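# Structural features, examined
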Amino acid sequence: MNIPILSTKLYIPQPRPNSVQRPRLIERLNAGLDRKLTLIAASAGFGKTALISEWAADCGRRVAWLSLDKGDSDPVRFLSYFIAALQTIKEDFGTGVVDLLQSQQPPPIESVLTALINEISAISFKFILVLDDFHVIDSKEINEALSFLLEHLPTQMHLAIASRENPPLPLARMRARGQLNELRAADLRFTPDETALFLKGMMRLNLTADEITALESRTEGWITGLQLAALSMQGRSDIPAFIQAFAGDNRYIVDYLVEEVLQLQPNHVRAFLLQTSILDRLNGPLCDAVTGRQDGAVQLEALEQGNFFVVPMDETRHWYRYHHLFAEVLYAYLKEEQRAQLADLHLSASTWYEIHGFSADAIRHALAAEDFSRAAGLIELAWADMRRNRQEAAMLGWLKAIPDELVRQRPVLSVIYAWALLSAGEIATVEERLQDAERWLEMADAHEKTESFLDGMVVVDKDEFRGLLSSISLYRAANALAQGDISAAMKNARRVLGLVPETDHLRRGAAAGLLGLAYWTSGELETAHHTYFDGMANLQLAGNLSDVIGGSIALADIRIAQGRLRQAMRVYERGLQLAVEQGEPAMRGTADMWVGMSELCRESNDLPKALKHLMKSKEQGEHTGFPQNQYRSCVAMARIKEAQGDFDEALQLYTEAEQLYVSDFFPNVRPIAALKAQVWLKQGRLDDALDWMREQGLSVDNSLSYLREFEHITMIRVLLASYASGLADHRSLPVAIEFLERLLKAAEEGERMGSVIEILIVKAFADQLESGTSAGLVPLQRALSLAEPEGYVRVFADEGPSMAALLEAALKKRIAPHYVRRLLTAFGQTEPNVPAKQPLSEHLSERELDVLRLLRTDMSGPDIARELTVSLNTLRSHTKNIYGKLEVNNRRAAIRRAEELGLF
């Protein structure tokens, strides 16, 4: 379901006929157009909306308008209306972002704002966006997003905010920078001349100058007070006496004058005003439903003509709203005089909204009526759409308003509650809600009854109830994974797979995905890859292509941990191809594929290409990335800076990445803190690295686990540096080496060849420290043999001069000479003693070079074909071409010839 957009909220209120023109204020507003923000802040009744609408009509710029209400505090709803408002001045604005907001996994709000800022930058004309009644917004996320927008606001756009209160935006900073134009209550008050124009021209009162001065003085130019006073005076014969008695503060004036106004109205008008005060917006049929009368449209028109604080919300005068302060006071009187009718009035509104497809309004009025059973039922039916639109914030707010005992009677609602809590990160009570639902299912099983006959249980959405057992297990698996309980996550994910049919690709895919993540977290990488791949295949069958593209990140990360860089690159390339095949707008996940390929290019030391891929990711727009995209981009750039020797910039980027990290159920196997510790070692900041060790509780007495493997490798680096600098005694080195050997054994058993290569490199330094260079060459030779087929470079080059010296020693002993020479060039060295290459009559293609590198491994022909995702016949054709170009006739000779030519 799309979030319905009420066009009335986008309607620019038209200046009232005979309204008081305010050129002095319009001039100030126009003078501030070169600033980023205009803030008009004053309490109710100071004419904020009227002033901006007058300005909008004559400011010389196009104006987009959004009238906010309490329901707009949901970030997704706010952004949807934000875009809809801008589409009133540019029809195709933000259409791609709208699709993303309506997807199952909307991007972070800041990412959406970034995409929108880029689109605003492309608008060819200057314009103003007005956010009216901003004080109703109660959302930290929205306030932060607007702060971000203002910080990066393109010059084409000027933002105008009307609010009763100061919005929580960086106003002091903007004021100091000259970016803020402000109008306050003191500016908005009517001057004596404006008061006279208002009372005589608009309200048609024949008052003396002294009477006007008295009213202006006692209301202090407060426009609503003057309007209420004028309404009270209409038809009176004792106006001087009324003015003389007129006194008190604003609140008193409101109470007094509303009473006066209401008492002067015929009973049917008074009743209409009070009963319809429960509505945020009004039209004839809705008013009829609430009042039980048939004159709603007529009454609204009459009220508007009579200046009864009725504001038209569209040009056709179909929708209206009361002035907020007027509505609040009317509602207060309604509660005092007709409290017994309140629930019925709200229920009538709820029913009308439900019939006309406004689920959110129907739920809100049901809650206001305290008809929690009705609200609960409406929530059950609205869940599917709200889950698709990721409106969990609004859902959670409603559920928290419903008495707990009522929720517990409803198993579907309990599961919805668990989903909303899980989505909001409030995982402490997720299990309790799932157990509530589960108890009903167990009772139904025990009594062999269905939801239709079990006493005390309430089910509205019976389709959802029939799949509830698998839903419970699915959310239980996610909850367990979020809490690090891998065993429970696996158990529940497997249970889902056992419950749902083969044709339920969505649930099977989600469950297999969670199971794969659990295997990954536990270090069982091959099983993780197989299971997760199966999950993505099911999700693709279910049509969830965005999830499939996003899943490429996990599949590639697993392959990287296994030391299979070439396979990881192909995973990213396939993910990107799948995204591109869907056409424009770019699918979510596209940006992530470019970041992943950048990381692999950096490892192969193709830094220009790595940077190019990162730029390509940014060009796609952050809205095409998953929540972790910004974090991953930041880390990728930091690692490039490390490779370039700019350690200070790398540290700064790692610090930024820490702030951007968002948990996505993927195991965090390379914590930023450990990456920073490795940079500190390169900078000689051993004390900082030792502090990191202590803070993380790292020691050689730790138990080994995959999740801490990278931290433990880094810990050994710190211990070796400490020993080499003389800060540690001679006993520390053997202890470190013994721990390193345990790490190596665990990584080998888990087939985590990426870790094995890094551990062997560290072990080469450790053995060199203990027994000399020759000892260090033993593990280094094995690391080289594992790394060469996959094209690793930076894992050696990032070690710096110490590794260059070891590689020089390896070269002298003819250890992998061609590969070592290539690695040495990454240190900025010219290749020593490079034999003259014998030119080939015909060069090998990139694909043939891929085949040649794999022929150098122990892989069989079928294994190589699977690795390259080609048929065996295709592989044979490549092999035949390679043999021909190298002028050899078997595999061993081809490898030898390629080594002679320096092709590896």
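Look up a bit, the structure's there.
### Section: the pairing of strand β1 (residues 37–41)
- Of all five residues that make up β1, five are buried, and the element is covered over most of its length.
- Side-chain alternation along β1 places L37, L39 and A41 on one buried face and T38 and I40 on a second face that is also buried.
- Where β1 meets strand β4 (residues 157–163), five bridges bridge the pair, whose relative direction is parallel. Bridged to L39 within β4 is I161.
- Where β1 and strand β5 (residues 180–184) come together, five bridges link them in parallel fashion. Along β5, the bridge assignment pairs A41 with R184.

### Describing the pairing of strand β2 (residues 62–67)
- For β2, the buried fraction is high: five of the six residues fall into the buried class.
- Across six bridges, the pairing between β2 and strand β3 (residues 127–132) is parallel. Its bridge partner lying in β3, A64 is registered against L129.

### Comments concerning helix α19 (residues 359–368)
- Within α19, burial applies to D361, A362, I363, H365, A366 and L367.
- Following α19 by one or two positions, E370 adopts a phi angle in the positive range, close to 60°.

### Topic: the state of the cysteines
- Within this structure, the stated rule accounts for zero disulfides.
- With no disulfide of its own, C601 lies closest to C634 among cysteine sulfurs, the gap being 19 Å.
- Overall, the relative accessible area of 5% leaves C601 in the buried class.

### Some points on the sheet that holds β3
- Spatial ordering of the open sheet is given by β2-β3-β4-β1-β5, a layout of five strands whose pairing is parallel. Each of the sheet's edge strands pairs with one partner strand only, and the pair in question is β2 and β5. For this sheet the average axis-to-axis angle between neighbouring strands, irrespective of direction, equals 15°.
- Pairing between β3 and β4: five bridges, direction parallel. Bridge assignment links V130 to a residue of β4, and that residue is A160.
- Taken strand by strand, helix α3 (residues 75–87) contacts β2, β3 and β4, and its axis lies near 150° from that of β2.

### Concerning the nonpolar core
- Core analysis: the biggest nonpolar cluster contains 267 residues, and L131, Y322, M395, L780 and F796 have the highest contact counts within it.
- The element that contributes the greatest number of residues to this core is helix α23 (residues 411–423), accounting for 10 residues.
- Not counting residues within four places of it along the chain, the set of residues in contact with M395 comprises I379, W383, M386, I416, W419 and A420.
- The next biggest cluster of nonpolar side chains, apart from the first, holds 22 residues, and it includes A42, F46, C59 and W222.

Conventions and cut-offs
- Residues numbered from 1 in each chain as written.
- Predicted model: local features only at pLDDT ≥ 70, side-chain atom pairs only at ≥ 80, totals over all residues.
- Heavy atoms only, no water.
- Buried < 20%, exposed > 50% of the residue type's maximum accessible area, 1.4 Å probe, protein only.
- Helix = DSSP H or I, 4+ residues; strand = E, 2+ residues; numbered from the N terminus.
- Pairing = 2+ DSSP bridges.
- Disulfide = S-S within 2.5 Å.
- Axes fitted to C-alpha atoms, helices over the stretch in contact; angles between N-to-C directions.
- Contact = heavy atoms within 4.5 Å.
- Core = buried A, V, L, I, M, F, W, Y, C linked by side-chain atoms within 4.5 Å.

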